[in-house]
Amino acid sequence: MKKRIVNLLLIVLVSFGARAQNFTHRLPLPKVDSTGYYNVYLPLELFAVCNPNYSDIRIYPVGSKEQVPYMVQLSTDTYLKKVPVSHPVTYTVVEENARYTEIEIPVFQKYDEGQLAFYTTEKWTNNPNIKIIVGNEDGVYKEVNVDTLPKGEGFYIAHHLIYGKSSLKFKIEGSVAKRPAIKTLLNYSLENDPTAYHQIQAKWKTSEGENSHSSIVEATLPHSAPLSMVKFEFTNPLPFQRDCSLTLTSGNNQGSIFNKKTERAYYVNIGSNPVLIETENHFANAFSLLINNNDDAPLQIKSIEALAPKLFITLRLEAGINYELKCGDPDLKKPKYDIEYNSDVRTVGTLTINTPPEAIVESSAEKTRKNLLLWGALGLCIIVMGGMAFSMIKKA
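If you're wondering where the values come from, they're calculated on a predicted model, not measured in any experiment. (Residues numbered from 1 in each chain as written. Predicted model: local features only at pLDDT ≥ 70, side-chain atom pairs only at ≥ 80, totals over all residues. Heavy atoms only, no water.)

## Quick word on the overall build of the protein chain
Applicable threshold: Secondary structure follows DSSP: runs of H or I at least 4 residues long count as helices, runs of E at least 2 residues long count as strands, and numbering of each begins at the N terminus. Exposure is judged per residue with a 1.4 Å probe applied to protein chains only, and the accessible area is read against the type maximum: over 50% gives exposed, under 20% gives buried, and values in between give partly exposed. What makes two residues a contact is simply this: any of their non-hydrogen atoms within 4.5 Å. Note that accessible areas follow from Shrake-Rupley with a 1.4 Å probe, and for residues the cover is restricted to the protein chains shown.
Helix and strand counts for the protein chain come out as two helices and 25 strands. Scored against the burial criterion, the 396 residues of the protein chain give a buried share of 42%. Within the protein chain, contacts between residues separated by at least 24 positions form 81% of all contacts whose residues are at least 6 apart in sequence. On the protein chain, roughly 22700 Å² of surface is accessible, and the fraction owed to carbon and sulfur atoms is 52%.

Rendered as structure tokens:
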């Protein structure tokens, strides 16, 4: 009899100690017509209500408490595209001995992704007697291979780490009769396509730094999100070169679920317009940019935009079944499902949810039911413990 009472007490204590899941938001998933694994892209607003590591996300069939295993991922697609950027030719020098032509252009961005195109006045064909030599303002030169542009309009140089601090120099060696005359120069830079990301518009204010040679741009976002890049666009005309530091901040403002403030800094050089600063998917809801202007006029901000990767989950959906995602419980730990260890999941389709998650509002009847269960469990626990205590006193 005593053993049964002890077992009953343990059951009651476990039941009483078991913590109910306190989800704050739900998101209906699209119903599918065919059973299989799907990639489901989630809306940007989900970042504002779920934990930074997405540990509180749970998927259930509607009306069921049985969890559906899933794998959460951030989109890593870069969707690189060519972006043309024109460069003015600073000067051209033709030596009297006809040894080389030298062209200098300002550096507005790194040249390690993409190509530089030289459009010539006459049709270009590769000539082994013509050498293209690339250098920088430090006097470091090296010969590079070139390829012919379509239709023979000129030639282009595939980027190697050939960028200088402020300018690039190109020597075109060969006889005068063979050297091409450069008409225009164009840089084709490979950049991340912003359409591959969530685009978040920031609000900002600008102030003077600790001294008159610097300025500070403070920007805030509507809510926290993992930021892949921050994009600044300026009204100032090029060229300009400024050293700056970008500091990302996450705190308990603007809807962030962080309990404490954390920061991460990036040190970069501004030399393009607009400028994209990569930020390693760091969660943030605010950031500041400290710009060293030296003796130049401050840069004027035209727009600020944060780019967040798209969040998606991979899971198996049964045809004709309604599912919902629940989240918003800051104390839930990340679940462990077997699907996370299966790198060869073959999906049958992709779904995209554009509607934001809706808040879960408990009815008064549901709240009353939970309170009755809580007080009932507590009362039963007191009765059982009191009975055991009385039995021990009586025997004594």
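That shown, we press on.
## Remarks on the confidence of the model for the protein chain
For clarity, the threshold we go by: By definition, pLDDT measures how confident the predictor is in each residue, and it falls between 0 and 100.
A residue-level look at the protein chain finds 64% of positions with pLDDT of 70 or above and a mean pLDDT of 75. Put simply, helix H1 (residues 2–17) is where the protein chain has its lowest mean pLDDT, 48, and strand E3 (residues 58–61) is where it has its highest, 97.

## As for the sheet that holds strand E1 (residues 25–29)
For clarity, the threshold we go by: One requirement defines pairing of two strands: DSSP has to find at least two bridges between them.
Pairing in this open sheet of four strands is antiparallel, and the strands run E3-E23-E1-E25 from one edge to the other. The open sheet has two free edges, formed respectively by E3 and strand E25 (358–359), since each of these has just one partner strand.

## Some details on the side chain of serine 228
Considering the arrangement of structural elements, one finds serine 228 in strand E17 (residues 214–234). Setting aside residues up to four positions removed in sequence, serine 228 forms contacts with Tyr197, Ile277, Glu278, Thr279, Glu280, Asn281, Leu307, Ala308 and Pro309.

## Details of the environment of glycine 174
Examined against the element boundaries, glycine 174 turns out to sit in the loop between strand E13 (167–173) and strand E14 (182–192). Residue glycine 174 is classed as buried on the basis of its relative accessible area, which comes to 18%. As for glycine 174 and isoleucine 130, which are separated by 44 residues in sequence, their C-alpha atoms are 4.9 Å apart.

## A word on the pattern of salt bridges
Definition in use: Throughout this description, the term salt bridge denotes a Lys or Arg side-chain nitrogen within 4 Å of a carboxyl oxygen of Asp or Glu.
A full pass over the atoms with the stated rule returns four salt bridges. With its nearest N and O atoms 3.9 Å apart, the salt bridge here joins lysine 302 to glutamate 233. Here the residue lysine 302 occupies a position in strand E21 (residues 301–309), and glutamate 233 occupies one in strand E17, the gap between them amounting to 69 residues. Since its relative accessible area comes to 25%, glutamate 233 is described here as partly exposed. Salt-bridge contacts for glutamate 324 lead to lysine 326; the nearest nitrogen and oxygen are separated by 3.7 Å.

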